[in-house]
Amino acid sequence: MTDLVIGADGLPRCGWGQSTPDYAAYHDTEWGRPLRGDDALYERLTLEAFQSGLSWLTILRKRVAFRLAFDEFRIETVAGYDDSDVARLLADAGIVRNRAKIEAAIANARAALELPEGISALLWSFAPPPRVARPASAAQVPALTPESTAMAKALKKRGFRFVGPTTAYALMQATGMVDDHLAGCHVVAGRAA
């Protein structure tokens, strides 16, 4: 069994990607596709941290509000946030209002500014070599890997918060550092060199 589901459109996709229209769109157009750029990867790292303990669907449905609340995740802007911004974010019902995660997002923007090579280069430096074949089932998809553990350790060493190995692996999946679409899935994600 491959854990693939045939959608109403006749396309095979990873089972989770068919569970809601929001997931189907995300699965088909974003998840597993290579993403680069400091602000773009900072956004994904921040959203993965906010997802911790919650459903990704909750974060996905609040993503537009998150982008508005966090100034489109421009690292330089978020790094300049102060206590009034924390209060503003805690009052914003459109996002997840968790003080520790909000403060981590700000601290992470500040840490990202300190990276000479930029956050995109740092994160991509932990991408493993591409697999020979896609996983045959969801059971073959790990929750963390040696690379995600090393990424989390490197980020924490540089002052990042809410970046454990599982969060790091979810980031790697979402941004195409690994291709965890199942064998037979119609999405051709690939990985940029």
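See the structure printed just above.
Please read all numbers here as calculations on a predicted model, not as lab measurements. (Residues numbered from 1 in each chain as written. Predicted model: local features only at pLDDT ≥ 70, side-chain atom pairs only at ≥ 80, totals over all residues. Heavy atoms only, no water.)

1. A closer look at the overall build of the protein chain
- From N to C terminus, the protein chain includes nine helices and two strands.
- Ordered by position from the N terminus, the helices and strands of the protein chain form the series β-β-α-α-α-α-α-α-α-α-α.
- Computed over C-alpha atoms, the radius of gyration of the protein chain comes to 17 Å, within 12% of the 16 Å expected from 2.2 N^0.38 for 193 residues, which places it in the range of a compact globule.
- Evaluated residue by residue, the protein chain yields a buried proportion of 47% over its 193 residues.
- Contacts in the protein chain between residues at least 24 apart in sequence constitute 68% of all its contacts with a sequence separation of at least 6.
- If you sum the accessible surface of the protein chain, you get close to 9,000 Å²; carbon and sulfur atoms cover 57% of it.
- The positive charge centre, built from 22 side chains, and the negative charge centre, built from 22, are 4 Å apart in the protein chain. (Helix = DSSP H or I, 4+ residues; strand = E, 2+ residues; numbered from the N terminus. Rg over C-alpha atoms; globule rule 2.2 N^0.38 Å. Buried < 20%, exposed > 50% of the residue type's maximum accessible area, 1.4 Å probe, protein only. Contact = heavy atoms within 4.5 Å. Areas by Shrake-Rupley, 256 points an atom, 1.4 Å probe, with all protein chains shown as cover. Lys, Arg positive; Asp, Glu negative; His and termini not counted. Charge placed at Lys NZ, Arg CZ, Asp CG, Glu CD.)

2. Things to note about helix α5 (residues 83-90)
- Burial in α5 covers these residues: Asp85, Val86 and Leu89. Seen from one end, α5 has its buried residues packed into an arc of 105°, which puts them on one side.
- Of the surrounding elements, those touching the buried residues of α5 are α3 (56-69) and α6 (99-113). (Arc of directions from axis to C-beta.)

3. Quick word on the state of the cysteines
- On inspection of all chains with the given rule, the structure shows zero disulfides.
- The thiol of Cys14 is unpaired, and the distance to the nearest cysteine sulfur, on Cys185, comes to 3.9 Å. (Disulfide = S-S within 2.5 Å.)

4. Quick look at the packing of aromatic side chains
- What the rule picks out here adds up to ten aromatic pairs.
- With 5.7 Å between their ring centres and 45° between their planes, Tyr26 and Trp56 make a pair best called tilted. Here Tyr26, found in helix α1 (residues 21-29), pairs with Trp56, found in helix α3; they are 30 residues apart in sequence, far enough to count as distant. We note that Tyr26, like Trp56, is buried.
- By way of ring pairs, the aromatic residues Tyr42, Phe50, Phe66, Phe70, Phe73 and Tyr81 are connected into one cluster.
- Just above the ring of Tyr81 sits the side chain of Arg88; from NZ or CZ to the centre is 5.2 Å. (Phe/Tyr/Trp six-rings, centres within 6.5 Å; stacked < 30°, edge-to-face > 60°. Lys NZ or Arg CZ within 6 Å of the ring centre and 35° of its normal.)

5. Notes on the packing of helix α2 (residues 38-51) against α3
- Viewed as axis vectors pointing N to C, α2 and α3 meet at an angle of 130°, and their least axial separation amounts to 10 Å. Classified by the angle between their axes, α2 and α3 sit oblique to one another. Remark: the crossing between α2 and α3 carries right-handed chirality. Contacts between α2 and α3 involve Glu43, Arg44, Leu47, Glu48, Phe50 and Gln51 from the former and Trp56, Ile59, Arg63, Phe66 and Arg67 from the latter. (Axes fitted to C-alpha atoms, helices over the stretch in contact; angles between N-to-C directions. Parallel < 35°, antiparallel > 145°, perpendicular 65-115°, else oblique. Left-handed = near helix turned anticlockwise from the far one by under 90°.)

6. Side note on the packing of α5 against α6
- Running from N to C, α5 and α6 point in directions that differ by 135°, and their axes come no closer than 10 Å. For the element pair α5 / α6, the angle class is oblique. As α5 runs across α6, the sense of the crossing is right-handed. Residues Val86, Leu89 and Leu90 of α5 form the contact with α6, whose own contacting residues are Arg99, Ile102, Glu103 and Ile106.
- Looking at the contact of α5 with α6 residue by residue, the class counts come to five nonpolar, no polar and two charged. (Nonpolar A, V, L, I, M, F, W, Y, C, P; charged D, E, K, R; others polar.)

7. Some thoughts on the pattern of salt bridges
- One pass over the full model with this rule turns up eleven salt bridges.
- For Arg13, the salt bridge is made with Asp28, and the minimal N-O distance between the two is 2.5 Å. Residue Arg13 is found in strand β2 (residues 12-14), and its partner Asp28 is found in helix α1; the two are separated by 15 residues along the sequence.
- A relative accessible area of 3% means that Arg13 is categorised as buried.
- Members of the salt-bridge network, linked through shared partners, are Asp9, Arg13 and Asp28. (Salt bridge = Lys/Arg side-chain N within 4 Å of Asp/Glu carboxyl O.)

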